[in-house]
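These are the residues of each chain, in order.
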Amino acid sequence: MFGYIRPVKSELYVKDSEFYSSVYCGLCRYGGKNISHLTRWLLNYDFVLLALLRMSLTDESVCVQKKRCPYRLKKKNCVCADGSFEFVCSAFGLLTYGKLIDDINDQKGFRRFIKKLIKPIFSHIRKRSDRFEGLSDIVASGLNATALIEKEKIQSIDRAADGFATMMKGISSFGLEDDKKLIAENCGYHIGRYIYIIDALDDLEQDEASDNYNPFLARYGTAEEAMRHKEEIAETLYDSLNAFSNYYALAVHEPLNGIDRIIFNITELGGRNAVMKIVERKSKNEKPI
C-alpha cells in the first residue's frame, strides 16, 4: 500500500541515513512482535515518515540498540521508540484492514475471492491494532469519505483527495495539543493529499484498463490526455510537499537535529524524486501526437 515517501539517501549524512534505516527496522520489529508478523512484509516507507513526525512532535526519548533480525539472521540497529511505534503500528494495522475491505467492495472475480479468503487474517491485525480509543473511527471515517467521493466520480482532484487527506490529518495529530496539534494537522493533511494524488497518477493506465475510478480519468477522460497535463499535476504535488515543509519548520529550532534533516530531505528531495520518476516513466510510454 503506497510507499512513495522516502528520502534521497545519497543526500543524507551517513549517520542520518543509518538512523532512518534503524527507524524502519524498529517499526518492523515492533509491529511483528505486537501486531502481526504479516506487518513486517506489508510495512512501507510512508509510515516511517509518520513515526519520525510523531517522535519529533512528542519529544520522545529514543535510543538505538542492536536487535536480531529474524529474516537477515544477524543483528541490526533498531530505534527503540515504543510510544511512537505503538501508535504508528496501530494506525498502519487499521489502515491495512480498511484497504482490504475497500478492495473486497470494489473488486470482482478471482481477486475479490482471494481478498475475502485472507480477510480473517486482517481482521486479527485490526483487532490487535485497535489500541487507541477513537483512532479506528478516524480511519473508518476517512476511508468511507474517500469511497463516497470515488462512487460519485468526482472530477475535482482536490475534492477527490480530501477524504484521505483529512484522515491523515486526524491520524497525525491524534493525542497532540496546542501548536503541535496544529502543525501535525497541516503536515498530515498535505502528506495525505500528496499520497492520494501521486497514487492516482501512478495507477492511471491500470485504472483505465480496469475501468476503476481515478480523478485524473474523471477530469481528463483518458490516461493519455491526463499526461498532457503532467506539469500541472506535478506542480500540485509539489505544493503539498512545500506546505508540509513550511508547517513542519514551525516546530524546529536551529541547529536542525537528525530527525529534522531526514524529514526535510523526504519532503524537499524524496517526494519530488518520486514524482519525477513516475512522470518520466509514463512519458516514455506516451504516444506521439
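Up top you'll find the structure we're talking about.
Residues numbered from 1 in each chain as written. Predicted model: local features only at pLDDT ≥ 70, side-chain atom pairs only at ≥ 80, totals over all residues. Heavy atoms only, no water.

**So, the overall build of the protein chain**
A tally of helices and strands in the protein chain yields 13 helices and two strands. The globule rule puts the C-alpha radius of gyration for 289 residues at 19 Å, and the 19 Å found for the protein chain is close to it. Each of the three principal axes of the protein chain carries a C-alpha extent, and together these read 55 × 45 × 40 Å. Looking at the 289 residues of the protein chain, the share that counts as buried comes to 49%. Look at the contacts in the protein chain between residues 6 or more apart in sequence, and 69% of them connect residues 24 or more apart. About 14800 Å² of surface is accessible on the protein chain, with carbon and sulfur atoms providing 51% of the total. Of note, the protein chain has its 42 positive side-chain charges centred 10 Å away from the centre of its 40 negative side-chain charges. (Helix = DSSP H or I, 4+ residues; strand = E, 2+ residues; numbered from the N terminus. Rg over C-alpha atoms; globule rule 2.2 N^0.38 Å. Buried < 20%, exposed > 50% of the residue type's maximum accessible area, 1.4 Å probe, protein only. Contact = heavy atoms within 4.5 Å. Areas by Shrake-Rupley, 256 points an atom, 1.4 Å probe, with all protein chains shown as cover. Lys, Arg positive; Asp, Glu negative; His and termini not counted. Charge placed at Lys NZ, Arg CZ, Asp CG, Glu CD.)

**Digging into the packing of aromatic side chains**
Counting across every chain of the model gives nine aromatic pairs. Judged by centre distance (4.8 Å) and plane angle (75°), the rings of Phe-47 and Phe-92 are edge-to-face. With a gap of 45 residues between them, Phe-47 in helix H3 (residues 46–58) and Phe-92 in helix H4 (residues 82–106) connect regions that are remote in the sequence. Taken as a pair, Phe-47 and Phe-92 share a single burial class, namely buried. We note Arg-54 situated over the ring of Phe-87; from NZ or CZ to the ring centre the distance is 4.0 Å. (Phe/Tyr/Trp six-rings, centres within 6.5 Å; stacked < 30°, edge-to-face > 60°. Lys NZ or Arg CZ within 6 Å of the ring centre and 35° of its normal.)

**Observations concerning the pairing of strand S2 (residues 74–80)**
Looking at chain direction, strand S1 (residues 63–69) and S2 are connected through seven bridges and run antiparallel. Across the sheet, residue Cys-63 finds its bridge partner in S2, namely Cys-80. (Pairing = 2+ DSSP bridges.)

**Here's the deal with the nonpolar core**
Ranked by internal contacts, the top residues of the largest apolar core, which has 86 residues, are Val-23, Leu-52, Ile-171, Tyr-194, Leu-201, Phe-216 and Tyr-248. Once residues lying within four places of it in the same chain are set aside, the contact partners of Leu-52 are Phe-19, Tyr-20, Val-23, Ile-259, Ile-262, Ile-263 and Ile-266. (Core = buried A, V, L, I, M, F, W, Y, C linked by side-chain atoms within 4.5 Å.)

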